[in-house]
Amino acid sequence: MADSAPATPGSTLRVCALYPDLMNIYADRGNLIVLERRCAWRGIGFQLFSSSLGEPLDGGEHDLFYIGGGQDRDQRLCAEDLIENKREGLRAAAARGAIVLGVCGGYQLLGHSYALGEEEIPGVGLLDVRTVREDGPRLIGNVAIEASLDEMDANAEERVLAGFENHGGRTYLAEGQAPLGRVLKGYGNDGRSGVEGARTANTIGTYLHGPLLPKNVWFADWLISRALGLGPGELAPLEDGIERQTHRSARQAAGV
Ligand code: GLN
């Protein structure tokens, strides 16, 4: 890979993984590896921290917070801890513009709640969404969406995110809450609305596993730039032959 790409001097991406031991299904930890590699290839520093059950969270110390997908059982444990130990830190981080990225179960926890029958698992309320586990099948399969990331300096192909979804919960956006994108193939938030994920400034939730970033490295770069406060085009390009092929086959799997 391009190890001679110009560095972005002096910058270090500081990433905090939330509950990496519990919220990590479908190889979601691969997302962290992609961030690390793409920084290293450009000479950008990378520091990975984690915060799990019972550990505090300092919202001022990291540029990107990441929470992956999980089983309902693990989500329950994390939800309690998130409210008790991390909600304020996470809110402060989002308010100062840090990236907060949640995948699937992590996305659900960034909303207000996840209702399973009588039970309601609370979320941190950074996204104005509610998730409900309704009767009906799990929403499973390959998925592709057209992301609406307005500040993006990219061609049309690069607006597509491809991945895999598997969720029992259906997520509903409040009026005024922007989705992450429009479903091209697959179920998305609820299998009906035609939209997927949610985004408020730098807080982003999505159902796309697979994992998300290895299949969509353009999006990894978008996250890195924003987390470091760089403008479009300021990240050195990499030789992405294999990565583009991976993206194409993920799209093909979804039929797009
Ligand atoms: N437990 C959640 C659901 O079934 C999230 C699943 C996941 O992260 N894949 O909806």
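Check the entry above for the structure.
Residues numbered from 1 in each chain as written. Predicted model: local features only at pLDDT ≥ 70, side-chain atom pairs only at ≥ 80, totals over all residues. Heavy atoms only, no water.

A.B. asks: So what exactly am I meant to see when it comes to helix H2 (residues 72-95) here?
C.D. replies: For an α-helix the count is 3.6 residues per turn, leaving residues at separations of three or four pointing the same way. With 24 residues, H2 should reach 34 Å at 1.5 Å per residue; the first-to-last C-alpha distance of 28 Å falls well below that figure. The largest bend in H2 amounts to roughly 70° and is located at Lys-86. Listed as buried for H2 are Asp-72, Asp-74, Gln-75, Cys-78, Ala-79, Asp-81, Leu-82, Lys-86, Gly-89, Leu-90, Ala-93 and Ala-94. Positive backbone phi, at 95°, marks Gly-97, one or two positions downstream of H2. (Helix = DSSP H or I, 4+ residues; strand = E, 2+ residues; numbered from the N terminus. Expected span 1.5 Å × (residues − 1). Bend = angle between axes of the 7 residues up to and from the residue. Buried < 20%, exposed > 50% of the residue type's maximum accessible area, 1.4 Å probe, protein only.)

A.B. asks: Mind showing me how you'd approach the pattern of salt bridges here?
C.D. replies: Where charged atoms from two side chains of opposite charge come close, those side chains can pair. Considering all chains together, one arrives at 11 salt bridges under this definition. Note that Arg-37 is salt-bridged to Glu-36, the shortest N-O span being 3.1 Å. Using a relative accessible area of 26% as the deciding quantity, one classes Glu-36 as partly exposed. Close ionic contact of Arg-192 with Glu-134 constitutes a salt bridge, the shortest N to O distance being 3.9 Å. Pair noted here: Arg-192 is in the loop between strand E11 (181-185) and strand E12 (195-196) and Glu-134 is in the loop between strand E7 (129-133) and strand E8 (139-147), with a separation of 58 residues, a long-range link. Using a relative accessible area of 28% as the deciding quantity, one classes Glu-134 as partly exposed. Connected through salt bridges with shared partners, the residues Arg-38, Arg-42, Asp-221 and Asp-240 form a single ionic network. (Salt bridge = Lys/Arg side-chain N within 4 Å of Asp/Glu carboxyl O.)

A.B. asks: In this structure, what is going on with the environment of Gly-69? I would like to understand it.
C.D. replies: Position of Gly-69 among the secondary structure elements: in the loop between strand E3 (64-67) and H2. C-alpha of Gly-69 to C-alpha of Ile-25: the two residues are 44 residues apart in sequence and 5.5 Å apart in space.

A.B. asks: When you look at the sheet that holds strand E4 (residues 99-103) in this model, what are you seeing that I'm missing?
C.D. replies: Within a sheet, each strand pairs with its neighbour through backbone hydrogen bonds, oriented either parallel or antiparallel. As summarised here, the arrangement of the six strands in space is E2-E1-E3-E4-E14-E13, forming an open sheet in which the pairing is mixed. The open sheet terminates on both sides in strands that have one partner only, identified here as strand E2 (45-51) and strand E13 (198-200). Adjacent strand axes in the sheet meet at a mean angle of 15°, parallel and antiparallel pairs treated alike. Two strands pair when backbone bridges link them, and strand E1 (residues 12-18) and E2 are joined in this way by seven bridges, in the parallel orientation. Bridging across to E2, Leu-18 finds its partner in Ser-51. Running over the sheet, H2 touches E1, E2, E3, E4 and strand E14 (203-206) and is turned about 150° from E1. (Pairing = 2+ DSSP bridges. Axes fitted to C-alpha atoms, helices over the stretch in contact; angles between N-to-C directions. Contact = heavy atoms within 4.5 Å.)

A.B. asks: I tried to follow the environment of His-209 on my own but got confused; where do I start?
C.D. replies: Checked against the element boundaries, His-209 lands in the loop between E14 and helix H4 (212-215). Considered as a pair, His-209 and Asn-31 are 178 residues apart in the sequence and their alpha carbons are 9.3 Å apart. The contact partners of His-209, leaving out residues within four places of it in the chain, are Ile-25, Tyr-26, Asp-28, Gly-69, Val-103, Cys-104, Gly-163, Phe-164 and Asn-166.

A.B. asks: Looking at this structure, I do not really get the site of the ligand. What am I missing?
C.D. replies: Surveying the vicinity of the ligand reveals 16 residues, the closest of which are Asp-72, Gln-75, Cys-104, Asn-166 and Gly-169. Between the ligand and the protein, one listed contact pairs an oxygen atom with a backbone N or O atom of Gly-168 at 3.0 Å. Contact distances for the ligand include 2.9 Å between an oxygen atom and a backbone N or O atom of Gly-169. Among the secondary structure elements, those contributing two or more residues to the shell around the ligand are H2, helix H3 (105-110) and strand E9 (160-167). (Near = heavy atom within 4 Å. Polar contact = N/O pair within 3.5 Å; in protein donor to acceptor, adjacent residues only side chain to side chain.)

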